[in-house]
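Here is how the chains run, residue by residue.
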Amino acid sequence: MWRWIFGNELEKGTPMTVDTQILAALRENGAAGIAGTELALRLGISRAAVWARVSELRALGYDIEASPHLGYRLLGVPDLLHADDLLSRLGTTQIIGRDIRVFEETTSTNDVVEKLARDGVKEGAVVFAESQTKGRGRLGRKWLSPARKGLWFSVLLRPPLHPLAATQLTVAGAIALFRAIRLQTGLVPGIKWPNDILLRGKKTAGILTEMSAEPDKVKHIVLGMGVDVNLTAAEFPVELRKIATSLRVETGQRLDRAELAVRILQELDRVYALICSGKFETVADEWEEHCLTIGERVTVRFGERMIQGRAESLDPDGALLLRTQHGHLERIIGGDVTVEK
Ligand code: BTN
């Protein structure tokens, strides 16, 4: 059920569903609750229509109390990703998340967003899936995406950048993940170039950046992110247990996935605005501060080939600058980086 609302949202041309508005109003009013008549007035629909929408939300698992004195109150939310709920929590962003879609299952959210990009959908669209049957990581690896255990999503971007600068977006994604995880868990992750987010040396999130470009201009970028949120240690395949972890394993608590998702999108919106206004340096400084790769001796493998050296810094396009043992500075934009012990 769609309805246009006024003000900021209308200027951005974003329709906000009635459910999004109901959930936003319930959150805004918290324990005080909001009367059915007021909700109906705000939304420009009848009280019976409000009741019908509330009943639908309850059927999805939203615990909404209806009392004659306090009106409607939101007492609890289910552990599921729901586009209206995500939109109601997100608030106003400049670009990221102005269109959010959630699939129960898909092959890969990167493929869904690639299709949206070709169909001309505006940048900022985000596609989540509760599970992926063909989730993929960098270098052709599989990405485990079990139902409701993590955040598996992709963002459509159309940055005003040269294709050589596309790594800036991977760096932006890493900073958004870093900030959101720190805000929600209090843990301070480390970043391994270019896209791994680590906790206690184990990977908990990764980024897959896929680009469509003309010779001198990016057409669009699909920024895919995977975060292992609520998997238990036993839910990781044996071969991954030494190298992968989840936020649940590291904090000892189940996390609110929707809350984390919204924080990632809000942070990505901020970082993306910096990149689009030519301020990648600010983002790179923050990235270097938390990077586990800079200053270390590393080996970078590209299939059969490998280069060794000391990781010095990021260049203005987001590539890793590696000083080899012969003193040459190599510019690394891909490959698999291992930090030498
Ligand atoms: C990596 O670390 O190798 C990148 C992992 C990226 C996984 C995410 S999950 C959502 C999106 N869809 C995919 O198929 N992959 C990315």
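Residues numbered from 1 in each chain as written. Predicted model: local features only at pLDDT ≥ 70, side-chain atom pairs only at ≥ 80, totals over all residues. Heavy atoms only, no water.

1. Looking at the overall build of the protein chain
Selection rule: Secondary structure counts use DSSP, requiring at least four H or I residues in a row for a helix and at least two E residues in a row for a strand, with both numbered from the N terminus. Atoms counted for the radius of gyration: C-alpha only. Globule rule: 2.2 Å times residue count to the power 0.38. Using the Shrake-Rupley algorithm and a 1.4 Å probe, accessible areas are obtained, with residue cover drawn only from the displayed protein chains. Charge counting follows a simple rule: Lys and Arg are positive, Asp and Glu are negative, and His as well as the terminal groups are ignored. Note that the charge is assigned to NZ on lysines, CZ on arginines, CG on aspartates and CD on glutamates.
Each helix and strand in the protein chain was counted, giving ten helices and 16 strands. Over its C-alpha atoms the protein chain spans a radius of gyration of 22 Å, differing by no more than 12% from the 20 Å that the globule rule assigns to 341 residues. Carbon and sulfur atoms provide 52% of the accessible area of the protein chain, an area that totals close to 15800 Å². One way to put it: in the protein chain the 45 positive side-chain charges average out to a point 3 Å from where the 44 negative ones average out.

2. A few points about the nonpolar core
Our working definition: By nonpolar core we mean a set of buried residues, namely Ala, Val, Leu, Ile, Met, Phe, Trp, Tyr and Cys, connected to one another through side-chain atoms within 4.5 Å. Think of it in three bands: with a 1.4 Å probe and only protein chains considered, a residue is buried below 20% of the maximum accessible area for its type, exposed above 50%, and partly exposed in between. What fixes the domain bounds is an automatic or database domain assignment. For this analysis, residues touch if any pair of their heavy atoms sits within 4.5 Å.
One finds Phe128, Leu151, Ile264 and Trp287 to be the most contacted residues of the largest nonpolar core, which totals 66 residues. When we break this core down by domain, the ones giving at least three residues each are domain 2 (83-290) and domain 3 (297-339). When near neighbours in sequence (up to four residues on either side) are disregarded, Leu151 contacts Leu81, Phe128, Met225, Gly226, Val227, Val229, Arg257, Leu260, Ala261 and Ile264. By size, the runner-up hydrophobic cluster in this structure holds 18 residues, among which are Leu43, Val54, Leu57 and Tyr72.

3. As for the sheet that holds strand 13 (residues 305-314)
What counts here: The pairing criterion is simple: DSSP has to find at least two bridges between the two strands. Note on definitions: angles span 0 to 180 degrees between N-to-C directions of axes, and those axes are lines fitted to C-alpha atoms, for helices only across the stretch in contact.
Strand order in the open sheet made by the five strands is 15-14-13-12-16, with antiparallel pairing throughout. Pairing within the sheet leaves two strands with one partner each, and these edge strands are strand 15 (329-332) and strand 16 (336-339). Averaged over all pairs of adjacent strands, the angle between their axes in this sheet comes to 45°, without regard to strand direction. Pairing between strand 12 (residues 297-302) and strand 16: four bridges, direction antiparallel. From the neighbouring strand, Thr299 faces strand 16, where its bridge partner is Thr338.

4. Digging into the site of the ligand
Cut-off, in case you're wondering: In this text, near means that some heavy atom of the residue lies within 4 Å of the molecule or strand in question. Polar contact is defined as a pair of N or O atoms within 3.5 Å, subject to the rule that within protein one atom must be able to donate a hydrogen and the other to accept it, and that residues adjacent in sequence are counted only when both atoms are side-chain atoms.
Around the ligand, a shell composed of 21 residues is seen, among which Ser108, Gln132, Arg136, Arg138 and Lys203 lie nearest. Here Arg138 contributes a backbone N or O atom positioned 2.7 Å from an oxygen atom of the ligand. At 2.5 Å from an oxygen atom of the ligand is found a side-chain nitrogen or oxygen belonging to Lys203. Listed by contribution, the elements that provide at least two residues to the shell around the ligand are helix 6 (109-118), strand 7 (150-157), strand 10 (202-214) and strand 11 (217-228). Among the elements that take part in the shell around the ligand, strand 10 stands out by supplying four residues, more than any other.

5. Quick word on the sheet that holds strand 5 (residues 99-106)
Pairing in this open sheet of seven strands is mixed, and the strands run 5-6-7-11-10-9-8 from one edge to the other. The outermost strands of the open sheet, each flanked by one partner alone, are strand 5 and strand 8 (190-192). Between one strand axis and the next, the sheet turns through 20° on average, direction left out of account. Across eight bridges, the pairing between strand 7 and strand 11 is antiparallel. The partner of Trp152 across the bridge, within strand 11, is Gly226. Of the strands in this sheet, strand 5, strand 6 (125-132), strand 7, strand 10 and strand 11 touch helix 6, which is tilted by about 20° from strand 7.

6. Quick word on the pattern of salt bridges
Counted only if it meets this: What counts as a salt bridge is simple: a side-chain nitrogen of Lys or Arg found within 4 Å of a carboxyl oxygen of Asp or Glu.
Within the structure shown, the criterion is met by 29 salt bridges. Here Glu130 makes a salt bridge to Arg148, at a shortest N to O gap of 2.9 Å. You can see Glu130 sitting in strand 6 and its partner Arg148 sitting in the loop between strand 6 and strand 7, a full 18 residues away along the chain. Overall, Glu130 belongs to the buried group, its relative accessible area being 0%. Note that Glu235 and Lys149 form a salt bridge whose closest N and O atoms lie 3.0 Å from each other.

7. Examining the packing of helix 7 (residues 167-185) against helix 10 (residues 280-289)
The criterion, for reference: An angle counts as roughly parallel when it lies under 35 degrees, as roughly antiparallel when it exceeds 145, as roughly perpendicular when it falls between 65 and 115, and as oblique in every other case. Crossing handedness follows the turn of the near helix against the far one: under a right angle anticlockwise gives a left-handed crossing, and clockwise gives a right-handed one. Ten residue types, Ala, Val, Leu, Ile, Met, Phe, Trp, Tyr, Cys and Pro, are classed as nonpolar, four, Asp, Glu, Lys and Arg, as charged, and the remainder, Gly among them, as polar.
One way to put it is that helix 7 packs onto helix 10 with a least axis distance of 10 Å and a crossing angle of 55°. As far as their axial angle goes, helix 10 and helix 7 are oblique. Here the hand of the crossing between helix 7 and helix 10 comes out left-handed. Taking contact as the criterion, the partners of Gln168, Val171, Ala172, Ala174, Ile175, Phe178 and Arg179 in helix 7 are, on helix 10, Phe280, Val283, Glu286 and Trp287. Here the contact of helix 7 with helix 10 is built from residues that sort into eight nonpolar, one polar and two charged.

8. Describing the pairing of strand 7
Successive residues of a regular strand alternate their side chains across the two faces of the sheet. The buried count for strand 7 comes to eight of eight residues, which makes it a mostly enclosed element. Alternating positions in strand 7 separate into two faces, Gly150, Trp152, Ser154 and Leu156 on one and Leu151, Phe153, Val155 and Leu157 on the other, with burial throughout. Judged from the four bridges that link them, strand 6 and strand 7 form a sheet pairing that is antiparallel. Residue pairing for strand 7: Phe128 is matched across the bridge by Phe153.

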